Amino acid sequence: MTAGDVKLTDRQKKIAAERLYEAYLKTVDGRLVVVSGATRSGKTAYVRGQVRKDRRVIAWDPEDQWSRLPGWKRVTSRKELLALAQRPGPVRAGFVVGGKLQDEFDFWAACMMYAGRYVAPIVAIAEELADVTTPSKAPGAWGILLRRGLKRGITIYAISQRWSEADKTAVGNASEFVLFRQSSGDDVRYLSRKTRVPESELAGLMQLQYVRLSAIDGAISRGKLTF
Ligand SMILES: Nc1ncnc2c1ncn2[C@@H]1O[C@H](COP(=O)(O)OP(=O)(O)O)[C@@H](O)[C@H]1O
Ligand SMILES: [Mg+2]
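Everything in this summary refers to the structure shown in the same document. All values derive from a computational prediction rather than experimental measurement. (Residues numbered from 1 in each chain as written. Chains lettered and ligands numbered in written order. Predicted model: local features only at pLDDT ≥ 70, side-chain atom pairs only at ≥ 80, totals over all residues.)

### Examining the overall build of the protein chain
Applied cut-off: Only DSSP runs of H or I with at least four residues qualify as helices, and only runs of E with at least two residues qualify as strands; both kinds are numbered from the N terminus onward. Counting other C-beta atoms within 10 Å of a residue's own tells you its class, since 20 or more makes it buried, 12 or fewer makes it exposed, and anything in between is partly exposed; those C-beta atoms are placed from the backbone. Remark: residues whose backbone-derived C-beta atoms lie within 7 Å of one another are considered to be in contact.
Each helix and strand in the protein chain was counted, giving eight helices and nine strands. Within the protein chain, buried positions represent 40% of all 227 residues. Relative to all contacts within the protein chain whose residues are 6 or more apart in sequence, the contacts with residues 24 or more apart total 72%.

### A word on the site of ligand 1
Let me state the cut-off plainly: For each residue, a C-beta position is placed from the backbone atoms; the residue is near a molecule or strand when that point lies within 6 Å of it. Gly is placed with the polar residues, together with every amino acid not listed as nonpolar (Ala, Val, Leu, Ile, Met, Phe, Trp, Tyr, Cys and Pro) or charged (Asp, Glu, Lys and Arg).
In the vicinity of ligand 1, the residues found are Gly37, Thr39, Arg40, Ser41, Gly42, Lys43, Thr44, Ala45 and Phe227. Residue classes in the shell around ligand 1 are distributed as two nonpolar, five polar and two charged.

### What about the environment of glutamine 102?
Along the chain, glutamine 102 falls in helix α4 (residues 101-119). In the structure, glutamine 102 is positioned 85 residues away from aspartate 187 in sequence and 23 Å away in space, judged by C-alpha atoms.

### Side note on the pairing of strand β4 (residues 91-95)
On any regular strand, side chains alternate: one points to one face of the sheet, the next to the other face. Defined as follows: Here, a strand pair is defined by DSSP locating no fewer than two bridges between the strands.
Taken across its five residues, β4 has five buried, putting it largely inside the fold. Of the pairings in the sheet, the one linking strand β2 (residues 56-60) to β4 comprises five bridges and is parallel in character. Its bridge partner being in β4, isoleucine 58 is matched across the sheet by alanine 93. Relative to β4, strand β3 (residues 73-75) runs parallel, the two being bridged by three bridges. Following the sheet pairing, valine 75 is matched in β4 by phenylalanine 95.

### Remarks on the sheet that holds strand β9 (residues 220-224)
Quick reminder of the rule: Only C-alpha atoms enter the line fits that serve as axes; for helices the fit covers just the stretch in contact. Angles between N-to-C directions range over 0 to 180 degrees.
As summarised here, the arrangement of the nine strands in space is β3-β4-β2-β5-β6-β1-β7-β8-β9, forming an open sheet in which the pairing is mixed. On the outer flanks of this sheet lie β3 and β9, each paired with one strand and no other. Sheet twist, expressed as the average angle between the axes of neighbouring strands with direction ignored, equals 20°. Where strand β1 (residues 32-36) and strand β7 (residues 176-179) come together, four bridges link them in parallel fashion. If you follow valine 34 over to β7, its bridge partner there is phenylalanine 177.

### Points about the nonpolar core
Which entries qualify depends on this criterion: Residues of type Ala, Val, Leu, Ile, Met, Phe, Trp, Tyr and Cys that are buried and joined through C-beta atoms within 7 Å form what is called a nonpolar core.
One finds Ile58, Phe95, Met112, Ala124, Ile125, Ile156 and Ala158 to be the most contacted residues of the largest nonpolar core, which totals 60 residues. It is α4 that provides the largest number of residues to this core, a total of seven residues. Residues within four places of alanine 158 in sequence aside, it is in contact with Leu32, Val33, Val34, Val35, Ala126, Leu129 and Ala170.

So, in structure tokens, the structure goes:
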């Protein structure tokens with residue numbers, strides 16, 4: 001028998017393809033961007049600007065905002081969301097559901113992990129996190145997405161009005177913070193402690209103004225949204 005006669009089984013071919021794909025994904029690191037600010041401070045508008053050019057974006061969209069944007073799809077069932085997560089190619093969709101929000105959020109996070117790990121790099125936007133997480137360690141699939149997603153080429157925008165009440169896993173793993181005007185002194189103190197941006201600077205922000213901090217190199221930049 002010569003080397004040319006060696007045939008891979010289907011299972012071996014599948015494993016080889018997965019290894020290749022994982023090696024490819026390892027070269028495309030994602031980012032975890034923690035976005036914080038009071039209601040109407042500019043969080044959603046900022047992220048909208050950031051993802052404008054991304055090809056694959058799916059939002060956890062409890063307020064039904066993303067799904068109304070031009071070119072975006074509204075997804076209202078788990079079945080539809082899973083189908084989207086399994087499909088390669090461009091996607092822009094908001095997952096809009098009622099019922100037990102924590103369970104639906106967990107399902108959304110699992111779909112994002114699947115899409116990024118097995119299909120192609122994706123951007124996951126999680127809105128209003130204080131509604132579905134608690135200050136302790138991030139639960140279930142969301143926790144897995146936060147801890148392992150970046151290495152799978154998944155970029156996550158984690159958005160909340162109240163980070164002092166949202167989960168600590170996101171803050172602990174953030175590669176970037178974008179801080180708008182905060183809704184409470186508790187949030188100013190908490191975020192200042194986590195980022196070392198002075199409390200006075202955070203407390204002085206006006207609507208649509210933000211401070212952006214890289215958790216990787218400590219670089220700080222400042223800006224104001226315009227429309
Ligand atoms: N495309 C737009 N044109 C004009 N104003 C906008 C636009 N998008 C958002 N805004 C305004 O910017 C402010 C911040 O909005 P948004 O980013 O949705 O706030 P939030 O922090 O609650 O997510 C709001 O007052 C909103 O009305
Ligand atoms: Mg918003």
